[in-house]
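Notes for the structure review
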Amino acid sequence: VKRYLQLARACEKLRKERDSKWYYPTRKGDVVLASLEDVLEEALAYKGTKLKDRYALQAARAMFSLQRYREMIEWWSSIQDDITDESISRSIQGYVAGAMFRTGNEDKAMEYYTSIGDLSSIVFCLKQQKDYAGDRTLLEYFTIHCPDDPYVLSILQDYVTRLEAYGDFHKERGTTAA
């Protein structure tokens, strides 16, 4: 357990450093990327059963930070049935969905995000689409794919409020909102 905690701490520290706006690799080589490679190698090498799911999560985080998206998708498809902890599986699926989105498989990414209830990522993906039409697009997607989610009601309320305000504006001016 101690070694796992050290690995997890190292992985998060390296990911945070790599994601910083101020991060620039040195000319002699990228020490952070090399260290993330080491984290990935160790996480993938774990053969025990007790912490298998947790090591898989560290492997997913490292792969994502290394931008090894296609490899991550293939790796996940080969191990997903072995992950028994549902919360860890959902966490890994979030990274896999991000990898799918970055490799151009937006529809599959949206399926993953929907299945794990990651609404903010769904909104982000929808906003990247060419035919994005604001709240209407969000409402259409959520009412079809997540009808019981409270977020749908929130979007609908905001949308109706804006429509009402828009209609009142036009009534005062004697024009129509069409």
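What you are looking at is a predicted structure, and each value in this text was computed from that prediction instead of being measured.

1. Description of the overall build of the protein chain
Regarding its fold elements, the protein chain presents 9 helices and 0 strands. N-terminal to C-terminal, the α/β element order of the protein chain is α-α-α-α-α-α-α-α-α. The C-alpha radius of gyration of the protein chain comes to 21 Å, more than 25% above the 16 Å expected for a compact globule of 178 residues. Taking the principal axes of the C-alpha coordinates as reference, the protein chain spans close to 70 × 40 × 30 Å. The proportion of buried residues among the 178 residues of the protein chain is 38%. Considering only intrachain contacts with a sequence separation of at least 6, the fraction spanning at least 24 residues in the protein chain is 48%. Accessible surface, the protein chain as shown: approximately 11600 Å² in total, 51% of it carbon and sulfur. Distance between charge centres in the protein chain, computed from 26 positive and 28 negative side chains, equals 8 Å.

2. Overview of helix α6 (residues 106-116)
Among the residues making up α6, those that are buried are A109, M110, Y112, Y113, T114 and I116. Taken together, the buried residues of α6 touch α4 (69-79), α5 (86-102), α7 (119-128) and α8 (135-145). Just downstream of α6, G117 is the residue with a positive phi angle, here 75°.

3. Quick notes on the confidence of the model for the protein chain
Mean pLDDT over the protein chain: 86, with 92% of residues reaching 70 or higher. Mean pLDDT across the secondary structure elements of the protein chain bottoms out at helix α9 (residues 150-173), with 71, and peaks at α4, with 97.

4. Description of the nonpolar core
Counting residues in each nonpolar core, the largest one holds 51 residues, and the members touching the most others are M72, W75, W76, I92, V96, I122 and F142. Among all residues touching W76, those that are not within four sequence positions of it are I83, S89, I92, Q93, V96 and Y112.

5. A closer look at the packing of aromatic side chains
Enumeration according to the criterion identifies 7 aromatic pairs in this entry. Here a set of aromatic residues connected by ring pairs shows up, and it is made of Y4, Y46 and Y55.

6. Remarks on the pattern of salt bridges
Opposite charge on two side chains allows them to pair when their charged atoms are near. For the structure shown, the criterion picks out 7 salt bridges. Measuring nitrogen to oxygen at the nearest pair gives 2.8 Å for the salt bridge that ties R68 to E71. The exposure class assigned to R68 is partly exposed, which follows from its relative accessible area of 24%. Salt bridges here are not isolated pairs; linked through shared partners, they connect E12, R15 and R61.

7. Focus: the side chain of T114
Locating T114 in the fold gives a position in helix α6. Engagement of the side chain of T114 in a polar contact is seen with the side chain of Y141, the distance being 2.5 Å. Apart from residues lying up to four places away in sequence, T114 is in contact with I122, Y141, H145 and C146.

8. Considerations on the environment of V39
With respect to the helices and strands, V39 occurs in helix α2 (residues 31-45). V39 gets classed as buried once you look at its relative accessible area, which sits at 5%. Separated by 16 residues in sequence, V39 and Y55 have C-alpha atoms that sit 9.8 Å apart. Excluding residues within four positions of it along the chain, V39 makes contact with L7, C11, L14 and A62.

Cut-offs used in this document
- Residues numbered from 1 in each chain as written.
- Predicted model: local features only at pLDDT ≥ 70, side-chain atom pairs only at ≥ 80, totals over all residues.
- Heavy atoms only, no water.
- Helix = DSSP H or I, 4+ residues; strand = E, 2+ residues; numbered from the N terminus.
- Rg over C-alpha atoms; globule rule 2.2 N^0.38 Å.
- Buried < 20%, exposed > 50% of the residue type's maximum accessible area, 1.4 Å probe, protein only.
- Contact = heavy atoms within 4.5 Å.
- Areas by Shrake-Rupley, 256 points an atom, 1.4 Å probe, with all protein chains shown as cover.
- Lys, Arg positive; Asp, Glu negative; His and termini not counted.
- Charge placed at Lys NZ, Arg CZ, Asp CG, Glu CD.
- pLDDT = per-residue confidence, 0-100.
- Core = buried A, V, L, I, M, F, W, Y, C linked by side-chain atoms within 4.5 Å.
- Phe/Tyr/Trp six-rings, centres within 6.5 Å; stacked < 30°, edge-to-face > 60°.
- Salt bridge = Lys/Arg side-chain N within 4 Å of Asp/Glu carboxyl O.
- Polar contact = N/O pair within 3.5 Å; in protein donor to acceptor, adjacent residues only side chain to side chain.

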